[in-house]
Amino acid sequence: AAATRRAIIDIIEQQSDAARNPGDLLLVYFSGHGNVDRYRRPVAYLLPADADPQSLSATAIRLDDLAHHNLSMAHSVLTLLDCCHSGYAVGLKGEAIPDELGQEFGQQARNIFASVRGRIVLAACAGDQQARELRRLRHGAFTYYALEHWRRSPTVNDLNLYEYIDAALTRNGLPRP
């Protein structure tokens, strides 16, 4: 409940400002839901705890604002997104977002972050897939394996992290990150 839009943006901007020197790295982790505004397409959002699916522009976090504005002060940023790109919006309680919106979200995430230098994004799944929650792991699979990797190797290295998560998901018969 504390992961409100304002709280998320405030802490990201504070940490972005603190990581402004060459050699600094800001690690941003979001676990939740992603959505594309049905009325203002093609605008992609991350949905904080207080997001209103009927008013995304006022209550959610625009991906382009996150990449171009909220993270702008940081020298380098690694963003981990553990959310369903084609998943469910907050408050819809099982009503699926049409697949084309999920695909659009994933494509926007790639385009937005690719256009900003020093930004790397690892996403839990492709734009047309849902992030996987595994009961036996007691976490989302992406989050579980990211944490497991860092318990074994505390160095932040996006390639090693990706390779570890990719291998673990493949061993479990899950889609690649």
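What you see is a predicted model; the values in this text were computed from it and never measured.

Thresholds, definitions, all that
- Residues numbered from 1 in each chain as written.
- Predicted model: local features only at pLDDT ≥ 70, side-chain atom pairs only at ≥ 80, totals over all residues.
- Heavy atoms only, no water.
- Salt bridge = Lys/Arg side-chain N within 4 Å of Asp/Glu carboxyl O.
- Phe/Tyr/Trp six-rings, centres within 6.5 Å; stacked < 30°, edge-to-face > 60°.
- Buried < 20%, exposed > 50% of the residue type's maximum accessible area, 1.4 Å probe, protein only.
- Core = buried A, V, L, I, M, F, W, Y, C linked by side-chain atoms within 4.5 Å.
- Helix = DSSP H or I, 4+ residues; strand = E, 2+ residues; numbered from the N terminus.
- Contact = heavy atoms within 4.5 Å.
- pLDDT = per-residue confidence, 0-100.

## Observations concerning the pattern of salt bridges
Under the criterion given, the structure shown has two salt bridges. Across the salt bridge formed by D17 and R20, the nearest N and O atoms sit 2.2 Å from each other.

## Considering the packing of aromatic side chains
Per the counting criterion, the structure on display carries one aromatic pair. Plain terms: the ring middles of Y144 and Y145 are 5.0 Å apart, the flat faces sit at 90° to each other, and that makes the pair edge-to-face. Taking the relative accessible area as the measure of exposure, Y145 reaches 5% and is therefore buried.

## Comments concerning the nonpolar core
Counting 19 residues, the largest nonpolar core has L80, A141, Y145, L161 and I165 as its most contacted members. Within the residue set of this core, elements represented by two or more residues are β4 (77-84), α5 (141-152) and α6 (158-171). Apart from residues lying up to four places away in sequence, L161 is in contact with L80, L122, A146, H149 and W150. Core analysis: the second largest hydrophobic core is formed by 17 residues, I8, V28, L63 and C83 among them.

## Details of the confidence of the model for the protein chain
The predicted coordinates ought not to be read in detail in places where the model reports low pLDDT. When the pLDDT values of the protein chain are averaged, the result is 77; 76% of them are 70 or greater. Confidence, read as mean pLDDT per element, is least for helix α4 (residues 99-114) in the protein chain (58) and greatest for helix α1 (residues 5-18) (93). Segment residues 85-98 is flagged for pLDDT under 50; beyond a separation of four residues in sequence, or across chains, it makes 40 contacts in the model.

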